[in-house]
Amino acid sequence: MTEKAVNLVLMGFGNVGKAFVKLLEEKTDHLRESHGLSLFLRAIFKSTGGLFPCAGFKLKDILDDPGADLRVHAFWKQNLSLESIVREVEPGVLVDCTPSNLKTGEPGLTHARLALDSGWHVVTANKGPLAVNFSGLREKASRNRLALKFSGAAAAALPALDVGLCSLAGAEVLAVEGILNGTTNFILTEMGEGRSYSEAVQEARVRGIAEPDPASDVEGWDTAVKLLLIGNAVMGLNLRLSDISVEGIVGLPAELIDRARREGKSVKLLGRIRREQGGITASVAPCVIDHSHPLFGVEGTAKGITYFTDTMGDVTLTGGKSDPRGAAAAVLKDIINIYHP
Ligand SMILES: NC(=O)c1ccc[n+]([C@@H]2O[C@H](COP(=O)([O-])OP(=O)(O)OC[C@H]3O[C@@H](n4cnc5c(N)ncnc54)[C@H](OP(=O)(O)O)[C@@H]3O)[C@@H](O)[C@H]2O)c1
């Protein structure tokens, strides 16, 4: 197999960024032997600066750094500019693992535009830029013949986009239903076992499943963005967040869950898109479902999606790790698929 060398620039060295660097280290031989890829991390950015050049020391050394605080490294540069790096280094893939801001899209939006304008493919776990300017970024990527991939932002380790785009090729997706947020599914599962809403949220925090501020999850916005990405990418829609009616699970009464359980049913936060009489409806809301629903058995932090198609019937996918390592693995998968689609 001919070997391809690919340069990477990593934006963000938090939970997902670190898990990604760890995967690069773990999978070096596998990537070379199975995919003919040698991935070279050339720069790592945090909010105040970055590490450049990364050549010259091992990934393991970065990870072994106590607290993984890059600022103690000799190659740390305060206020390092991405602009100079994407011009100086031969283009490869910009990997975005910075925080998701669903209102402004920043900082990821500026980074993605800069990368795509400078010949770099973009692989992102960050939902913000896509929530704010999905079509603009897609157009820019396609105009410049570059890849823009976002499995890590859509449902991460659950390969919802790959199945929708590749395995359902030729079929029309008439509707989608998904449990796309592991944190809310965990909270609802805990409530199904008798906890109140606030006890379930607290349990999710204690187990490190919910972020200290889980607003985006419990208010339904995280599910809404993932639904937008799947609908736009797989169904060819042009949804904006404002097109989706969003109701979360905040303060959901325990009696509702209890009644559903007594009737052998279950409450799930479902993201749904349907094509109806020439129009599209898109929503996120807690729904009572029974055992005949394909996502009935999706419990805890698991996720799931069902595609309803014209020629292939209903296709359901469940599982996938809901954690930084699962998200990092989805990012790595996207990089591999740019070079070996
Ligand atoms: N955590 C998960 O399981 C998961 C799963 C799927 C998708 N995601 C998405 O993945 C992304 C990263 O999540 P995370 O949990 O790793 O977040 P995190 O732990 O908060 O890490 C964010 C990193 O981004 C850096 N950063 C912030 N602003 C920056 C800027 N302007 N330029 C460069 N770097 C900047 C931060 O730097 P400082 O350290 O200097 O603050 C930090 O290193 C988010 O968009 C999230 O929605 C996360």
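Residues numbered from 1 in each chain as written. Predicted model: local features only at pLDDT ≥ 70, side-chain atom pairs only at ≥ 80, totals over all residues.

Draft legend 1. Looking closely at the nonpolar core. The biggest cluster of nonpolar side chains holds 102 residues, and the ones touching the most others in it are L10, F20, V95 and V331. The leading source of residues in this core is helix α12 (residues 221-234), at 9 residues. With near-sequence residues (within four places) excluded, L10 lies in contact with G17, F20, L41, I44, F45, V95 and C97. (Core = buried A, V, L, I, M, F, W, Y, C linked by C-beta atoms within 7 Å. Buried ≥ 20, exposed ≤ 12 C-beta atoms within 10 Å, placed from the backbone. Helix = DSSP H or I, 4+ residues; strand = E, 2+ residues; numbered from the N terminus. Contact = placed C-beta atoms within 7 Å.)

Draft legend 2. Quick look at the domain arrangement of the protein chain. Its domain assignment divides the protein chain into domain 1 (4-157 + 324-339) and domain 2 (160-319). Each of domain 1 and domain 2 has a C-alpha centre, and the two are 28 Å apart. With 11 residues of domain 1 in contact, the opposing surface of domain 2 contributes 16 residues. For the side of domain 1 that touches domain 2, the secondary-structure elements that each account for two or more residues are α6 (128-143) and α7 (151-154). With 4 residues, α6 is the largest single contributor of residues to the side of domain 1 that touches domain 2. Among the residues forming the side of domain 1 that touches domain 2, the class breakdown is 8 nonpolar, 2 polar and 1 charged. (Domains from an automatic or database assignment. Nonpolar A, V, L, I, M, F, W, Y, C, P; charged D, E, K, R; others polar.)

Draft legend 3. How the structure looks around the sheet that holds strand β4 (residues 76-78). One open sheet holds the 7 strands; their spatial order is β4-β3-β2-β1-β5-β6-β7, and the pairing between them is mixed. With one partner strand each, in any of the chains shown, β4 and β7 (148-149) form the two edges of the open sheet. Where strand β1 (residues 4-11) and strand β5 (residues 93-96) come together, 4 bridges link them in parallel fashion. Paired with L8 across the bridge in β5 is V93. (Pairing = 2+ DSSP bridges.)

Draft legend 4. Region of interest: the sheet that holds strand β8 (residues 173-179). Strand order in the open sheet made by the 6 strands is β9-β11-β10-β8-β12-β13, with mixed pairing throughout. Of all the strands in the sheet, the pair left with one neighbour each is β9 (245-246) and β13 (314-319). Of the strand pairs in this sheet, β8 and strand β10 (residues 266-276) are connected by 4 bridges, and their pairing is antiparallel. From the neighbouring strand, V176 faces β10, where its bridge partner is I273. Contacts between helix α8 (residues 160-167) and the sheet are confined to β8, β12 (303-309) and β13, with β13 contributing the most and set at about 155° to the helix. (Axes fitted to C-alpha atoms, helices over the stretch in contact; angles between N-to-C directions.)

Draft legend 5. Quick look at the packing of helix α1 (residues 15-26) against helix α14 (residues 324-339). Interaxial distance between α1 and α14 falls to 8 Å at its minimum, and their mutual angle equals 60°. Here α1 lies oblique to α14, going by the angle between them. Relative to α14, α1 is oriented so that their crossing is right-handed. On the side of α1, the interface is formed by N15, V16, A19, F20 and L23, while α14 contributes P324, R325, A327, A328, A329, V331 and L332. In terms of residue class, the contact of α1 with α14 is built from 10 nonpolar, 1 polar and 1 charged. (Parallel < 35°, antiparallel > 145°, perpendicular 65-115°, else oblique. Left-handed = near helix turned anticlockwise from the far one by under 90°.)

Draft legend 6. Fine view of the pairing of β1. Bridge analysis of β1 against strand β2 (residues 37-45) gives 8 bridges, and the strand direction is parallel. For L8, the partnering residue across the bridge sits in β2 and is L41.

Draft legend 7. Just the environment of G136, in detail. Position of G136 among the secondary structure elements: in helix α6. Looking at G136, the number of C-beta atoms within 10 Å reads 15, which means it is partly exposed. Considering only alpha carbons, one finds G136 and R113, 23 residues apart in sequence, at a separation of 9.3 Å.

Draft legend 8. Summary view of α8. Regarding α8, the residues found buried are A160, L161 and G164. The buried residues of α8 occupy an angular sector of 95° when projected down its axis, which confines them to one face. (Arc of directions from axis to C-beta.)

Draft legend 9. Layout of the pairing of β2. With 2 bridges connecting them, β2 and strand β3 (residues 49-51) associate as antiparallel partners. In the sheet register, F45 faces β3, and the bridge partner there is G50. Hairpin connection between β2 and β3: a loop of 3 residues separates the two successive antiparallel strands.

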